[in-house]
Amino acid sequence: MRALRPFETRQYRLLAGALTASLFGSGIWAVAMVWQVMELGGGPVQLSAVAAAGAAGLLAAVLVGGAVADRVPQRRILVTVELSKAVLVGTAAVLALSGVLEVRHLVVVALLLGVADGFFYPAYSALLPSVLPAEQLLAANGVEGVLRPGIQQAAGPALAGVVIALLSPGHALATVASMQLVAGIALFN
């Protein structure tokens, strides 16, 4: 009897799809946030404030996120995180597209996105071994190792550039929100 490869299990396909959508959103955010700050008239100080808020949120939450991932079903955490990120960035997109977004709003959104990521990473790491047998974890980690640079660092920023060039940073934020929503929905199944 041959062993199943990671993508042959339904739960892993859904988890990998959710991770892909989430990484797309993160990659788009990285570029959209910069252009949105610039569109609001911000410079290096304002951009640094938004970036630092995201890092501070992640650092403040990751230990708590790990403890929560040990006590709460990981899939529930991931769904909550992705849907929360969709609401946060969706709100920023609505504010941007209506012309009332300010840099301080982006600082708050970035901080909360960092907190969300502080819960995402421990929950994802804890969920993966429950979805796949031990002998498939190395292959799954390889898939993730390809997705992060390919999607988060290349495809996401590229798509952000296209959306911003054709429409606006606010539309790119809306694209981020839609990616997070897709990730949350995929995790429901």
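Going by the structure above, here's the rest.
Counting starts from 1 at the beginning of each chain's written sequence and moves along it residue by residue. Predicted model: local features are reported for residues with pLDDT of at least 70 only, side-chain atom pairs are reported and counted for 80 or more only, and whole-chain, interface and lining totals are derived from all residues. Water and hydrogen atoms play no part in the side-chain values, which are based on all heavy atoms of the structure.

## A short note on a nonpolar patch on the surface
Every patch collects residues that have over 30% relative accessible area and no salt bridge, joining them within 9 Å if they carry like charges and within 5 Å if they are nonpolar side chains (Val, Leu, Ile, Met, Phe, Trp, Tyr). For the accessible areas, the method is Shrake-Rupley and the probe is 1.4 Å, while residue cover comes only from the protein chains on display. A carboxyl oxygen of Asp or Glu within 4 Å of a side-chain nitrogen of Lys or Arg is what we treat as a salt bridge. Taken together, the side chains of L159, V162, L166 and L167 present a nonpolar region at the surface, about 390 Å² in accessible area. Helix and strand definitions follow DSSP, with helices as H or I runs of at least four residues and strands as E runs of at least two, each counted in order from the N terminus. Counting through the fold element by element, L166 comes out in helix 5 (residues 137–166).

## Examining the packing of helix 1 (residues 10–39) against helix 5
As a rule, the C-alpha atoms of each element are fitted with a line to give its axis, helices using only the stretch in contact, and angles between N-to-C directions run from 0 to 180 degrees. Contact pair helix 1 / helix 5: the axes reach a minimum separation of 7 Å and the direction vectors enclose 40 degrees. Considering their axes alone, helix 1 and helix 5 lie oblique with respect to each other. Judged by the twist between their axes, the crossing of helix 1 over helix 5 is right-handed. In terms of residue class, the contact of helix 1 with helix 5 is made up of 18 nonpolar, five polar and two charged. Our angle categories are set so that under 35 degrees counts as roughly parallel, over 145 as roughly antiparallel, 65 to 115 as roughly perpendicular, and the remainder as oblique. Here a crossing is called left-handed whenever its near helix is offset anticlockwise from the far helix by less than a right angle, and right-handed whenever the offset is clockwise. All amino acids are sorted into three groups, where Ala, Val, Leu, Ile, Met, Phe, Trp, Tyr, Cys and Pro are nonpolar, Asp, Glu, Lys and Arg are charged, and the leftover types, Gly among them, are polar.

## Quick look at the packing of helix 1 against helix 6 (residues 169–188)
One can describe the packing of helix 1 onto helix 6 by two numbers: an axis separation of 8 Å at closest approach and a directional angle of 160 degrees. Comparing the axis directions of helix 1 and helix 6 gives the class roughly antiparallel. In the crossing of helix 1 with helix 6, the sense of the turn from one axis to the other is left-handed. Looking at side-chain class alone, the contact of helix 1 with helix 6 contains 18 nonpolar, seven polar and one charged residues.

## Topic: the pattern of salt bridges
On inspection of all chains with the given rule, the structure shows three salt bridges. A salt bridge links D117 to K85, with the shortest nitrogen-to-oxygen separation between them at 2.9 Å. With D117 in helix 4 (residues 103–131) and K85 in helix 3 (residues 74–97), the pair connects residues that are 32 residues apart, well separated along the chain. As far as the burial class goes, D117 and K85 line up, both buried. A 1.4 Å probe rolled over the protein chains alone gives each residue an accessible area, and that area as a share of the maximum for its type sets the label: buried under 20%, exposed over 50%, partly exposed in between.

## Focus on the environment of L137
Mapped onto the fold, L137 is located in helix 5. Here L137 falls in the partly exposed class, since its relative accessible area comes to 21%. Between the C-alpha atom of L137 and that of G118, which follows or precedes it by 19 residues, the distance is 22 Å. Excluding residues within four positions of it along the chain, L137 makes contact with L128, P129 and L132. We call two residues in contact when some of their heavy atoms are within 4.5 Å.

## Details of the nonpolar core
Throughout, nonpolar core names a set of buried Ala, Val, Leu, Ile, Met, Phe, Trp, Tyr and Cys residues whose side chains join them through atoms within 4.5 Å. In terms of nonpolar packing, the biggest core is built from 26 residues, with Y12, L15, L78, Y124 and L128 touching the most fellow members. Secondary-structure elements contributing two or more residues to this core are helix 1, helix 3, helix 4, helix 5 and helix 6. Not counting chain neighbours up to four residues away, the residues in contact with L15 comprise L78, Y124, L127, L128, V131 and L187. Formed by 25 residues, the second largest nonpolar core is a distinct cluster that contains W29, A32, V50 and L101.

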